[in-house]
Amino acid sequence: MQNRLTAPSPLLNKNGALAATGYATEPLLQYDRALIHASRLRIKEWDYYLVYDEEKAVALTIADNGYMGLLSASVLFFGASPREHTKSEMTFFPLGKTQLPATSKKGDVTAKSKNAEFSFFNNGETRRISCHMGHFWDEKTLDVSLTLGPEPSESMVIATPFLKKENAFYYNQKINCLPADGSITLGSETYTFSQPKTFGVLDWGRGVWTYKNTWYWGSASGLLNGAPFGFNIGCGFGDTRAATENMLFYQGKAHKLDQVFFHIPQKDGKDDYLSDWLFSSSDGRFEMQFHPVLDRFADTNALVLRSLQHQVFGYFSGYAVLDDGTVLKPDHFLGFAEKVFNKW
């Protein structure tokens, strides 16, 4: 079942549970923190941007997770010698004071820590992203200045409940194929992003999560046959019986998929992230091989709190089928797939 939401409405009912569950191709449901029936310590809010071309990528996160705030930056280089570095600055008990916007359509947020300042500005037409972080990589300062937009007409939006916890939910928008340009400066070196070969993705998330969970997420954006093409795939979080987050995007339009399965290779009984993965789908419309080149690995372990992340960048090859039966065949198409375990 893939329940499509088609009418604007409040996200939550008077009891703090989701008023409706399912997917949409635009953010129709109105999020309001004041209607949440849960401790402020349990509310999770974040904006995550990834911008990349064939040679490099930068990812920036502003998060307010109740008891913990986060500013995180990653810089990645692909090519002959893949390498990456991530640095995160944490604050304690922001409890909503970060004031992340209640909608992804428009709104600004600036967040600071001792060593960093991030700003995400969105006037409803374009998005401007900036970051300054000292002592980022080998004592080099990181400065980021990027412009994204205009955004495609359709994106992935999903309202997902959690089994056995009525007031837990996840409201999420993923925008693929955001045209982007700008630059990152690392120490004395500046790296430039330019259209039409640079794309961004936004992961906009608001919700109340259960304490312990594992999610799988994959995404790619680029040019295929001279037109913007991308996809969002995922599973593992919440009760997705009403809808999955799996979608294809081609020339600005969304095409809904059913279940997509992540087949991570095993070695000695453990996930072997840097060997080739396989992806399959229940409807036969998404069949891909994935050749990894770089694992952005992080393990933050504070006993009762833990985040174990493997965000693996690499190349997808295979086929995807649009709603009208058109078969697209991406080959060596850059994107990522990840497995993340959280106790939070």
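Residues numbered from 1 in each chain as written. Predicted model: local features only at pLDDT ≥ 70, side-chain atom pairs only at ≥ 80, totals over all residues. Heavy atoms only, no water.

(A) Structural context of the overall build of the protein chain. Broken down by element type, the protein chain carries zero helices and 27 strands. Radius of gyration (C-alpha) of the protein chain: 19 Å, near the 20 Å computed for a compact globule of 344 residues. Its C-alpha atoms give the protein chain principal-axis dimensions of about 55 × 50 × 50 Å. Taking all 344 residues of the protein chain together, the buried fraction comes to 55%. (Helix = DSSP H or I, 4+ residues; strand = E, 2+ residues; numbered from the N terminus. Rg over C-alpha atoms; globule rule 2.2 N^0.38 Å. Buried < 20%, exposed > 50% of the residue type's maximum accessible area, 1.4 Å probe, protein only.)

(B) Highlighting the environment of Tyr67. Its location among the elements puts Tyr67 in the loop between strand S5 (56-64) and strand S6 (68-77). According to the relative accessible area criterion, Tyr67 is buried, its value standing at 15%. Through-space distance from the C-alpha of Tyr67 to that of Gly218 is 28 Å; in sequence the pair is 151 residues apart. When neighbours within four sequence positions are excluded, Tyr67 is seen to be in contact with Leu41, Arg42, Lys44, Thr91, Phe92, Phe93, Pro94, Leu305 and Trp344. Within the structure, the side chain of Tyr67 is placed 2.4 Å from the backbone oxygen of Trp344, a separation counted as a polar contact. (Contact = heavy atoms within 4.5 Å. Polar contact = N/O pair within 3.5 Å; in protein donor to acceptor, adjacent residues only side chain to side chain.)

(C) The packing of aromatic side chains, seen in detail. Taken as a whole, this structure holds 33 aromatic pairs when the rule is applied. Measuring from centroid to centroid gives 6.0 Å for Trp277 and Phe279, while their planes differ by 25°, and the two rings are stacked. Phe279 shares its class with Trp277; the two are buried. Between Phe290 and Phe316 the ring centres are 4.5 Å apart and the planes differ by 40°, which places this aromatic pair in the tilted class. Taken together, the residues Phe290 in strand S24 (residues 286-302) and Phe316 in strand S25 (residues 305-321) connect sequence positions 26 residues apart. You'll find Phe290 and Phe316 in the same group, each marked buried. Among the aromatic side chains, those forming a connected cluster through ring pairs are Tyr216, Phe229, Phe231, Tyr250, Phe262, Tyr273, Trp277, Phe279, Phe286, Phe290, Phe316 and Phe333. Positioned over the ring face of Phe193 is Lys56, at 4.7 Å from the centre of the ring. (Phe/Tyr/Trp six-rings, centres within 6.5 Å; stacked < 30°, edge-to-face > 60°. Lys NZ or Arg CZ within 6 Å of the ring centre and 35° of its normal.)

(D) The arrangement of the layout of surface pockets in detail. Of the pockets and cavities examined, the largest pocket occupies roughly 830 Å³. For the largest pocket, the lining is made up of 34 residues, of which Asn65, Leu70, Ser307, Gln309 and Asn342 are closest to its centre. The residue inventory of the lining of the largest pocket, partitioned by class, reads 18 nonpolar, eleven polar and five charged. (1 Å grid on protein atoms, 1.4 Å probe; cavity = no way out; pocket = protein on both sides within 12 Å on 5 of 7 lines; lining within 4 Å. Points joined across faces, edges and corners; volume = space filled by probe spheres on them. Nonpolar A, V, L, I, M, F, W, Y, C, P; charged D, E, K, R; others polar.)

(E) Seen up close, the side chain of Thr98. With respect to the element layout, Thr98 can be found in the loop between strand S7 (83-92) and strand S8 (109-112). Separated by 2.9 Å, the side chains of Thr98 and Asp64 make a polar contact.

(F) Unusual backbone geometry, seen in detail. Between Gly149 and the following residue, Pro150, the backbone shows a cis peptide bond with an omega angle of 0°. Inspection of the secondary structure puts Pro150 in the loop between strand S11 (140-148) and strand S12 (156-162). Cis geometry marks the peptide bond from Gln195 to Pro196; its omega dihedral reads 5°. Mapped onto the elements, Pro196 comes out in the loop between strand S14 (189-193) and strand S15 (199-208). Positioned with a positive phi, Lys164 is a non-glycine residue whose angle comes to about 65°. Mapped onto the elements of the fold, Lys164 is located in the loop between S12 and strand S13 (165-186). On the basis of relative accessibility, which here comes to 92%, the residue Lys164 falls in the exposed class.

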